[in-house]
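Examining the three-dimensional arrangement
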Amino acid sequence: MADFWHGYAIPTLIYGGWTVLIMIILLLCVAYLTYAERKVLAAVQIRRGPNVVGPWGLLQPIADGGKLLFKETIIPTTANRVVFMVAPMITFILALVAWAVIPFRPGAVLANINVGVLYLFAISSLGVYGVIMAGWASNSKYPFLGALRSAAQMVSYEVSIGFVIITVLIGAGSLNLTDIIESQRGESGYFWNWYAFGLLSPMAVIFFISALAETNRVPFDLPEGESELVAGFFSEYSSMSFGLFFLGEYANIILMSTTTTIFFLGGWLSPFPFAPFTWIDPAVWFLLKVVFVVFLFLLVRAAFPRYRYDQLMRLGWKVFLPFSLLWVVVTAGAMLTLGRWVL
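The following paragraphs examine the structure supplied in this document. (Residues numbered from 1 in each chain as written. Predicted model: local features only at pLDDT ≥ 70, side-chain atom pairs only at ≥ 80, totals over all residues. Heavy atoms only, no water.)

Our focus in this paragraph is the nonpolar core. Here is a general trend for soluble globular proteins: nonpolar side chains tend to be buried in one another's company. The biggest cluster of nonpolar side chains holds 66 residues, and the ones touching the most others in it are Ile-102, Leu-177, Ile-180, Phe-207, Phe-263, Phe-264 and Phe-297. No other element matches the eleven residues that helix α9 (residues 239–264) contributes to this core. Setting aside residues no more than four positions away along its own chain, Ile-180 makes contact with Val-117, Val-168, Leu-169, Ala-172, Ser-174, Tyr-195, Ile-262 and Phe-263. Residues Ala-79, Phe-233, Phe-234 and Tyr-237 belong to the second largest nonpolar core, which totals twelve residues. (Core = buried A, V, L, I, M, F, W, Y, C linked by side-chain atoms within 4.5 Å. Buried < 20%, exposed > 50% of the residue type's maximum accessible area, 1.4 Å probe, protein only. Helix = DSSP H or I, 4+ residues; strand = E, 2+ residues; numbered from the N terminus. Contact = heavy atoms within 4.5 Å.)

So, about empty space enclosed by the protein. Enumeration over the complete set of coordinates arrives at three cavities of 30 Å³ or more. Estimates place the volume of the largest cavity at around 350 Å³. Thr-91, Met-154, Glu-214, Gly-248 and Asn-252 are the residues nearest the centre of the largest cavity, which is lined by 23 residues in total. Secondary-structure elements contributing two or more residues to the lining of the largest cavity are α3 (81–97), α4 (116–137) and α9. In terms of residue count, α9 provides more of the lining of the largest cavity than any other element does, eight residues in total. (1 Å grid on protein atoms, 1.4 Å probe; cavity = no way out; pocket = protein on both sides within 12 Å on 5 of 7 lines; lining within 4 Å. Points joined across faces, edges and corners; volume = space filled by probe spheres on them.)

This part takes up the pattern of salt bridges. Scanning the entire structure with this criterion turns up nine salt bridges. Across the pair Arg-105 and Asp-281 runs a salt bridge whose closest N-O atoms are separated by 3.0 Å. Separated by 176 residues along the polypeptide, Arg-105 in the loop between α3 and α4 and Asp-281 in the loop between α9 and α10 (282–303) bring together distant segments of the chain. The class of Arg-105 is partly exposed, set by a relative accessible area of 30%. When salt bridges that share partners are traced, they join Glu-37, Arg-217, Glu-249 and Arg-301 into one network. (Salt bridge = Lys/Arg side-chain N within 4 Å of Asp/Glu carboxyl O.)

Attention now moves to the packing of α4 against helix α5 (residues 141–172). Relative to each other, α4 and α5 sit at 175°, their axes nearing to 8 Å. Of the possible angle classes, the one that applies to α4 and α5 is roughly antiparallel. For the pair α4 and α5, the contacting residues are Val-117, Phe-121, Ser-124, Ser-125, Gly-127, Val-128, Val-131, Ile-132, Gly-135 and Trp-136 in the first and Pro-143, Phe-144, Ala-147, Ser-150, Ala-151, Met-154, Glu-158, Ile-161, Gly-162, Ile-165 and Leu-169 in the second. Its residues assigned to classes, the contact of α4 with α5 shows 14 nonpolar, six polar and one charged. (Axes fitted to C-alpha atoms, helices over the stretch in contact; angles between N-to-C directions. Parallel < 35°, antiparallel > 145°, perpendicular 65-115°, else oblique. Nonpolar A, V, L, I, M, F, W, Y, C, P; charged D, E, K, R; others polar.)

A few words now on a nonpolar patch on the surface. Residues Ile-132, Trp-136, Tyr-142, Phe-144, Leu-145 and Leu-148 make up a contiguous nonpolar surface patch of about 540 Å² in total accessible area. Breaking the nonpolar patch down by element, the ones donating at least two residues are α4 and α5. The greatest single-element share of the nonpolar patch, amounting to four residues, is contributed by α5. Checked against the element boundaries, Ile-132 lands in helix α4. (Patch = residues over 30% accessible without salt bridge, like charges linked within 9 Å, V, L, I, M, F, W, Y side chains within 5 Å. Areas by Shrake-Rupley, 256 points an atom, 1.4 Å probe, with all protein chains shown as cover.)

Once that is clear, we can look at the packing of α5 against helix α11 (residues 309–338). Where α5 meets α11, the axes come as close as 9 Å, and the angle between the chain directions of the two elements is 15°. Here α11 runs roughly parallel to α5, going by the angle between their axes. Between α5 and α11 the crossing geometry is left-handed. When grouped by side-chain class, the residues that make up the contact of α5 with α11 number 19 nonpolar, eight polar and one charged. (Left-handed = near helix turned anticlockwise from the far one by under 90°.)

With 30 residues, α11 ought to run about 44 Å at 1.5 Å a step, and its terminal C-alpha atoms sit 41 Å apart, in line with that. Where α11 is concerned, the buried positions are Leu-312, Met-313, Leu-315, Gly-316, Phe-320, Leu-321, Ser-324, Trp-327, Val-328, Thr-331 and Ala-334. For α11, the secondary structure elements touched by its buried residues are α5 and α7 (201–214). Following α11 by one or two positions, Gly-339 has its phi on the positive side, about 95°. (Expected span 1.5 Å × (residues − 1).)

By themselves, these figures tell us nothing about what the structure is for.
Next up, the structure:
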């Protein structure tokens, strides 16, 4: 009995507790990311943004969540009811399970597996299923067209993301996310050893732009094109079923910002290897970098208009794909001839 408690029950409870804690923190971050986005857009457009519900409008996300919870869930009469309700759950769940392999600081990771990159790539690739299911199950032409758009877009930019990740793996020599972060420490420990500031800097730009397309964010929000598709694949959704798509999108924004931080900005590493920078906890550095990348996501929405669909496809297949494939060859050749220091 003692072996059961110490070998199975207690570790299961510990991991379960950490999982619940990560989920609660993530949901709070998603809720207040909506608030932050509205404030950033308001600042860019010289207006106030949310400022009525609570002090400085801080309770606005709670009000929005309450409104979605108490609205009536409407299912179209011709829809496939089971698939219609399962689709937003899949999108939201996939946005959560990816965090199992994310290291927040040295040793602070739920599952420190050696194939963490493959796990992340697999989970992000599955996200298209929720979108396709939502568009098909609605049994309406506009959601279906939005779902097809989204599927084509996500597949197009995942190919480029795959090649970008390969260049990072060539530099790090490992599929483990913790090892990828530590490989950016270099010999000196300064920030110019991070992959975003060396040979892989073009890959960092491609990864960020592809992340915008992967999460259906402006200027690549073609699946939601309200002028021609009403609202895209979730046109027929209401209440909390719509809210799950909303939560999944913002959770994916945070996830892509986190992976950008891990792959190109040194994760939890301090930019300078001396005091007072080393006095700050690694988790704080990690959080600051993620917040910076999230801010870039929000700033892009305020600054750029929506692409046409042919422009989006041309950028993915005719620009990013050949360039990222070329850069894989360049990176591998440079590593083979000049060694690790070239990065």
